[in-house]
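# Structural overview for review
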Amino acid sequence: MRTYSKAVHAAMVAASAAALAVVSPAPAASAAAVTIRVVPAYSETQKESASWFVCPTNQVLTGRSHHGDENADTTYTCSWIFVNDEQVQVSIGDWSLRYKESNSSYSSPPNQALVGRQHIFDENGWTWYRSASLSWRGQTVRVIDPVWTGNLKESNHNYQTDTQRVLIGRAHSGDENGNTRYQHAYVTIDA
Amino acid sequence: MKKVASVALAVAAVAALNIPVPASAATIKVEYVYSGTVKESGSEFTCPTGQVMTGRSHNGDENANTTYQCSWILVDGVRVDVFTGEWFGYAKESRSNFSTPLDQAIVGRRHYGDENGATEYKTGALYWQGQQVRISNRTWTGSYTESGHTTQAGFNQVMTGRNHSGDENGKTQYQYGTVTFAG
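A brief report on the enclosed structure follows.

The rules we used
Residues numbered from 1 in each chain as written. Chains lettered and ligands numbered in written order. Predicted model: local features only at pLDDT ≥ 70, side-chain atom pairs only at ≥ 80, totals over all residues. Helix = DSSP H or I, 4+ residues; strand = E, 2+ residues; numbered from the N terminus. Buried ≥ 20, exposed ≤ 12 C-beta atoms within 10 Å, placed from the backbone. Contact = placed C-beta atoms within 7 Å. Nonpolar A, V, L, I, M, F, W, Y, C, P; charged D, E, K, R; others polar. Pairing = 2+ DSSP bridges. Core = buried A, V, L, I, M, F, W, Y, C linked by C-beta atoms within 7 Å.

## Looking at the overall build of chain A
Of regular secondary structure, chain A possesses three helices and 16 strands. Within chain A, buried positions represent 34% of all 191 residues. Within chain A, contacts between residues separated by at least 24 positions form 65% of all contacts whose residues are at least 6 apart in sequence.

Right, dumping it as structure tokens:
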């Protein structure tokens with residue numbers, strides 16, 4: 001669990017109810033310290049060569065595992081993002097352009113997280129991704145500090161993000177013996 | 001997609017549900033406003049924007065019609081926004097057991113084929129003026145015979161789950177939860 005102390009002056013102002021009412025235009029909840037949690041909530045397994053997966057409402061992708069070739073199963077993990085124990089609203093966009101799986105690299109647009117992936121056939125088949133923007137009480141939830149993992153062997157890997165991070169991209173080269181990398185990032189909100 | 005569009009705009013019989021509450025608490029109303037009928041097999045149904053499922057009836061086998069009831073939710077007289085994602089929860093109808101994720105209501109159901117076909121659901125999260133509306137006290141109904149039944153949410157409840165076993169003569173149960181809002 002990561003706790004943000006919002007701007008120090010806001011906390012000090014909060015000590016004085018009168019001053020808070022006058023000075024702070026933001027709702028009390030967002031002026032106080034904000035706690036953000038990414039909590040795994042759902043997983044689903046599909047055959048890799050015919051997979052069509054989108055996380056349930058208000059969840060984002062935080063993990064993927066695959067063992068074997070394109071005929072084997074792929075398991076996706078989705079998570080909630082909570083700000084002060086209230087779900088972050090996940091607004092899904094359209095499917096991406098298609099990429100040839102054997103030479104693909106996708107990153108979500110700025111401040112968006114991955115929520116879906118579809119793939120057909122083998123490494124010569126196509127892969128599409130789907131991203132979503134995030135908001136909490138009408139405020140944009142930002143996705144920052146993107147990092148790529150090292151190489152994982154596609155035919156035998158299980159990658160799950162840390163508790164504060166969500167998936168925002170994936171790259172793959174070659175067939176099932178080729179390497180897969182994931183891009184992940186922190187979620188945060190502005191003070 | 002073949003969608004039989006017998007759609008009745010039912011004026012809410014619930015309009016009289018104005019219960020007295022302390023001034024400080026939010027007044028919540030779940031108001032039945034729409035019903036739609038589709039053939040059970042090979043069809044999908046999603047409540048209109050801003051509405052959630054509060055009832056379902058079916059009489060016959062997979063070739064017969066299914067009618068869904070949808071309601072909107074009001075907090076202090078202002079509509080709650082229903083935020084929906086994609087279809088999920090793929091399961092064979094003959095042994096499907098679905099519950100919505102935390103604080104979400106069912107807003108759609110689709111089903112293909114007979115009892116061996118697949119069933120999926122669409123769910124919605126609820127927000128009132130940007131703040132999340134919760135669903136608590138989930139309870140399952142008793143068993144209905146799928147081939148001839150009607151179920152409806154109780155006071156301030158919305159549908160949050162459904163399970164079914166067997167064919168149209170098998171049993172169906174529904175899960176309902178109560179809408180709550182802390183403010």
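## A word on the environment of Gln46 of chain A
All names here are of chain A. With respect to the helices, strands and loops of the structure, Gln46 is situated in strand 2 (residues 34–47). Taking the number of C-beta atoms within 10 Å as the measure of exposure, Gln46 has 17 and is therefore partly exposed. Separated by 26 residues in the primary sequence, Gln46 and Ala72 place their C-alpha atoms 8.4 Å from one another. Once residues within four sequence positions are removed from consideration, Gln46 is found in contact with Ser51, Phe53, Asp73 and Thr74.

## Focus on the interface of chain B and chain A
Taken together, the contact between chain B and chain A spans 15 residues of the former and twelve residues of the latter. Counting residues per element, the ones that place at least two in the side of chain B that touches chain A are strand 7 (81–84), strand 11 (118–128) and strand 12 (131–140) of chain B. Considering only residue class, the side of chain B that touches chain A consists of five nonpolar, eight polar and two charged.

## As for the pairing of strand 11 (residues 126–136) of chain A
Residues and elements named next belong to chain A. The pairing of strand 7 (residues 89–95) with strand 11 spans five bridges and is classified as antiparallel. Bridge pairing in strand 11 links Ile92 to Ala132. Pairing of strand 8 (residues 99–100) with strand 11 involves two bridges; the strand directions are antiparallel. Note on strand 11: the bridge partner recorded for Tyr99 is Thr127. Linking strand 10 (residues 112–120) back to strand 11 in an antiparallel pair, the connection comprises five residues, with Phe121 at a positive phi of about 65 degrees. Of the strand pairs in this sheet, strand 11 and strand 12 (residues 139–148) are connected by two bridges, and their pairing is antiparallel. Bridged to Trp136 within strand 12 is Gln139. Linking strand 11 to strand 12, which pair antiparallel, is a turn of two residues; within it Arg137 sits at a positive phi near 50 degrees.

## Considering the environment of Asp61 of chain B
Residue and element names in this part refer to chain B. Considering the arrangement of structural elements, one finds Asp61 in the loop between strand 4 (52–59) and strand 5 (65–75). For Asp61, a count of 15 C-beta atoms within 10 Å puts it in the partly exposed group. Here the alpha-carbon distance between Asp61 and Ser147, two residues 86 residues apart in the chain, equals 6.0 Å.

## Structural notes on the nonpolar core
Side chains that are nonpolar tend, in soluble globular proteins, to be buried together. Core analysis: the largest hydrophobic core is formed by 61 residues, its most contacted members being Val60, Ala113 and Val115 of chain A together with Val52 of chain B. In this structure Val52 of chain B touches Cys47, Cys70, Ser71, Ile73, Val82, Ala105, Ile106, Val107, Gly124 and Val158 of chain B, once residues within four positions along its chain are discounted.

## Description of unusual backbone geometry
Residue and element names in this part refer to chain A. Here the phi dihedral of Asn58 falls at roughly 70 degrees; this positive angle occurs in a residue that is not glycine. Within the secondary structure, Asn58 is located in the loop between strand 3 (50–54) and strand 4 (60–67). On the neighbour-count criterion, Asn58 (29 C-beta atoms within 10 Å) is buried. Even without being glycine, Asn111 reaches a positive phi, approximately 60 degrees. Here Asn111 shows up in the loop between strand 9 (103–107) and strand 10.

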